[in-house]
Amino acid sequence: MLSLVRQVARRRSQLCGLPALVRASPCLHHSTGATQPPLHTASSVRLESRSRTSRPTCNSMSSSVASGLSSYSSMASTGAGPATALADAAPDLYTIPPPSPRGERKPGQLEQWQVKQYFEDGFLVVPDFFTPEELAPVCEAVEECVDVLANRLYDGGKIADKCENAGFYKRLTLLEKQFKGTAVLLHKMGALPPAFRQLWANERLLNVVEQFIGPNIAGNPVWNLRTKTPSNEQTTVPWHQDNSYFDPSALHTLMPTAWIPLIDANTTNGCMQMVRGGHRKGVTATHTCCAGGTWYVDLSEDEMVETLGVDMERDVCTCEVPYGGVLLLNNAVPHHSLENFSDDVRWSLDLRWQAPDKPNGFYGLKDSVLMRSEADPSHEIDWEEFALVDRTKLQERDVGWESGGAFDTTIHGPWMRRWEIVHHNKHTASLDQSDNMDSSWHPRT
């Protein structure tokens, strides 16, 4: 572990340049609350003090975008037409904080101005939330997952060198060079080692989530280890709202997400950009599928401007998050990741929570896992049952895809049926294979 900690420490001291053509607006600098002057480079969103002054305003909330559910259902089931936002919207869910918990602030909980900012902007950066000691076991667990995959690839004759001495931030890239799609295979593994579980159920982190959704907390089944190798289209996620990947019922479930980098995430290695205020109408804009050669849905800038009422010159914020920090966001705010121009893997985890009695949006395929109960303060999380259900296999089965085996680098899922398919690739082959047959998913009201 000491070697791994040293690797992390070295990267914390890096000074990172800005790749060309990265665009972001002048953005709120959260350390002062002040508006930065116009820049030709991306601005960084940070939280380092509690002072607040003026900041750019966001477009005011307007009427929801109406759409008939009957036409939505027919288009979503075939992938033949654009799926539009639900007829009703949920602006209050994403913009109005719940009542503050009574009593003293619990360990890790945010100041009230930070909670307010989360609901106003749709996201919040907390730069020093975790200690190195808390994240070191997570990095170790990732290393073990890479080692398992490297052994599988080697035993399967896919690679000639397991690159065992390459280090945490280099090894996956070297494996990827030998077998294209290694990063995708690791993303698909879905292993939930004890260190990941402990991070997801971290007491201080759950205390923060309680400020967003209340004392009853469940883990949403959609979580990810992000394997962002350098210059890899498959690991560069385009503009989207998280709700675009869920069943439409998820629009009415607030899902706080913690995006936790395992390296200093910056503009060079592919940090996140957010569209501040894009959640305020409480609707899901029209996405398309699939972006380039990936399985990702895509949200055009024109659609964001028209449907969500944002200003792409003013509202795009670049969020550089140091190792130990966390980016908190909701499931309606638009965001994407920048490309990784560095030589290192930009590792990160995204973890989601919700109220246990709300729909989890995962098309009825997998239940959430109860993490905290007001009625049962001594509740113990049933990780084993949750971890036994393979999300990837359920997704593939739902769209009629028969996996190509242990080294299948394609990803398939029911979100592909929700949106118009404007670009086919190997990942959408499941829809061709099943001849657009109906899946088990159907829109819920």
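Residues numbered from 1 in each chain as written. Predicted model: local features only at pLDDT ≥ 70, side-chain atom pairs only at ≥ 80, totals over all residues. Heavy atoms only, no water.

Just checking my understanding: could you explain the overall build of the chain for this structure?
Helix and strand counts for the chain stand at 14 helices and 15 strands. Expressed as a percentage of the 445 residues in the chain, the buried residues total 59%. Residue pairs at least 24 apart in sequence account for 79% of intrachain contacts in the chain once pairs closer than 6 positions are excluded. Accessible surface computed for the chain: about 18100 Å², of which carbon and sulfur atoms make up 51%. (Helix = DSSP H or I, 4+ residues; strand = E, 2+ residues; numbered from the N terminus. Buried < 20%, exposed > 50% of the residue type's maximum accessible area, 1.4 Å probe, protein only. Contact = heavy atoms within 4.5 Å. Areas by Shrake-Rupley, 256 points an atom, 1.4 Å probe, with all protein chains shown as cover.)

Hey, could you run me through the nonpolar core in this one?
Generally speaking, soluble globular proteins have nonpolar side chains that are buried together. One finds Phe-196, Trp-200, Phe-212, Ile-260, Leu-328, Trp-347 and Trp-353 to be the most contacted residues of the largest nonpolar core, which totals 63 residues. At 10 residues, the largest contribution of residues to this core is made by helix α5 (residues 132-155). Ranked by size, the runner-up nonpolar core spans 22 residues in total, among them Tyr-245, Cys-289, Val-297 and Phe-362. (Core = buried A, V, L, I, M, F, W, Y, C linked by side-chain atoms within 4.5 Å.)

Which parts of the structure should I look at to understand helix α7 (residues 182-189)?
For an α-helix, the turn length of 3.6 residues means that residues three or four places apart are oriented alike. Burial analysis of α7 places seven of its eight residues in the buried class, which makes it a mostly covered element. Buried within α7 are the following residues: Thr-182, Ala-183, Val-184, Leu-185, Leu-186, His-187 and Lys-188. Looking at the buried positions of α7, the neighbouring elements they touch are α5, α6 (171-178), β5 (224-228), β13 (346-354) and α12 (391-398). Immediately downstream of α7, the backbone of Gly-190 shows phi near 65°, a positive value.

What's the story with the pattern of salt bridges in this structure? I'm lost.
Side chains that differ in sign of charge can pair as their charged atoms come close. Applying the stated criterion to the full structure yields 12 salt bridges. Asp-350 serves as the salt-bridge partner of Arg-226, at 2.6 Å between the closest nitrogen and oxygen. With a gap of 124 residues between them, Arg-226 in strand β5 and Asp-350 in strand β13 connect regions that are remote in the sequence. Judged by relative accessible area, which is 3%, Asp-350 ranks as buried. (Salt bridge = Lys/Arg side-chain N within 4 Å of Asp/Glu carboxyl O.)

What exactly am I supposed to notice about the sheet that holds strand β8 (residues 288-289) here?
Two orientations exist for strands paired in a sheet by backbone hydrogen bonds: parallel and antiparallel. Read across the sheet, three strands follow the order β9-β8-β15 without closing on themselves; strand pairing throughout is mixed. Among the strands making up the open sheet, the edge pair consists of β9 (297-298) and β15 (420-421). Where β8 lies against β15, two bridges are found, and the strand directions are parallel. Among the inter-strand pairings, Cys-289 is bridged to a residue of β15, identified as Ile-421. (Pairing = 2+ DSSP bridges.)

Just checking my understanding: could you explain the confidence of the model for the chain for this structure?
Across the chain, the average pLDDT comes to 81, with 76% of residues at 70 or higher. This model gives residues 13-87 a pLDDT under 50, and the stretch forms 185 contacts once residues within four places in sequence are excluded. Considering only residues more than four positions removed or in separate chains, one finds that residues 434-445, a stretch of pLDDT under 50, has 28 contacts. (pLDDT = per-residue confidence, 0-100.)

Whenever I open this one, the side chain of Arg-280 confuses me. Can you help?
Mapped onto the elements of the fold, Arg-280 is located in the loop between β7 (272-275) and β8. Look at Arg-280: it is buried, it has no salt bridge, and the nearest opposite charge is Asp-121 at 4.4 Å. Polar contacts involving the side chain of Arg-280 include one to the main-chain carbonyl oxygen of Glu-120, which spans 2.9 Å. (Lys, Arg positive; Asp, Glu negative; His and termini not counted. Polar contact = N/O pair within 3.5 Å; in protein donor to acceptor, adjacent residues only side chain to side chain.)

So what exactly am I meant to see when it comes to the packing of α5 against α7 here?
Axes are the key here: two packed helices are described by the angle between their axes and the distance separating the axes. Running from amino to carboxyl end, α5 crosses α7 at an angle of 120°, the nearest separation of the two axes being 11 Å. Classified by the angle their axes make, α5 and α7 are oblique. Here α5 runs over α7; the crossing is right-handed. Across the interface between the two elements, Cys-145, Val-146, Val-148, Leu-149, Arg-152 and Leu-153 of α5 pack against Thr-182, Leu-185, Leu-186 and Met-189 of α7. (Axes fitted to C-alpha atoms, helices over the stretch in contact; angles between N-to-C directions. Parallel < 35°, antiparallel > 145°, perpendicular 65-115°, else oblique. Left-handed = near helix turned anticlockwise from the far one by under 90°.)

Looking at this structure, I do not really get the state of the cysteines. What am I missing?
Here, disulfide denotes a covalent bond that connects the sulfur atoms of two cysteines. For the coordinates displayed, the defined rule picks out one disulfide. Here Cys-271 is not cross-linked by a disulfide; its sulfur's nearest cysteine counterpart is in Cys-319, at 7.2 Å. You can call Cys-271 buried: its relative accessible area is 0%. In this structure Cys-319 is not part of a disulfide, and its nearest cysteine sulfur, from Cys-317, lies 6.4 Å away. A relative accessible area of 0% means that Cys-319 is categorised as buried. (Disulfide = S-S within 2.5 Å.)

Please clarify how the layout of surface pockets should be interpreted in this entry.
Space left empty within the atom packing is revealed by a probe, the size of a water molecule, rolled over the atoms. Considering only enclosed or pocket space, the largest pocket measures out at about 900 Å³ in volume. In terms of lining, the largest pocket is formed by 48 residues, of which the most central are His-187, Val-222, Trp-223, Asn-224 and Arg-391. Breaking the lining of the largest pocket down by element, the ones donating at least two residues are α7, α8 (194-200), β5, β6 (257-261), β12 (335-337), β13, α11 (383-388) and α12. Residue contributions to the lining of the largest pocket peak at six residues, all from α7. Here the lining of the largest pocket is composed, by residue class, of 25 nonpolar, 12 polar and 11 charged. (1 Å grid on protein atoms, 1.4 Å probe; cavity = no way out; pocket = protein on both sides within 12 Å on 5 of 7 lines; lining within 4 Å. Points joined across faces, edges and corners; volume = space filled by probe spheres on them. Nonpolar A, V, L, I, M, F, W, Y, C, P; charged D, E, K, R; others polar.)

Please clarify how the sheet that holds strand β10 (residues 316-319) should be interpreted in this entry.
Read from one edge to the other, the open sheet built from three strands follows the order β10-β7-β12, with strand pairing classed as antiparallel. The sheet is open, and its two borders are formed by β10 and β12, each paired with just one other strand. Strand-to-strand, the axes of this sheet are offset by a mean angle of 25°, without reference to chain direction. Looking at chain direction, β7 and β10 are connected through four bridges and run antiparallel. The residue bridging Met-274 from the neighbouring strand is Cys-317, located in β10.

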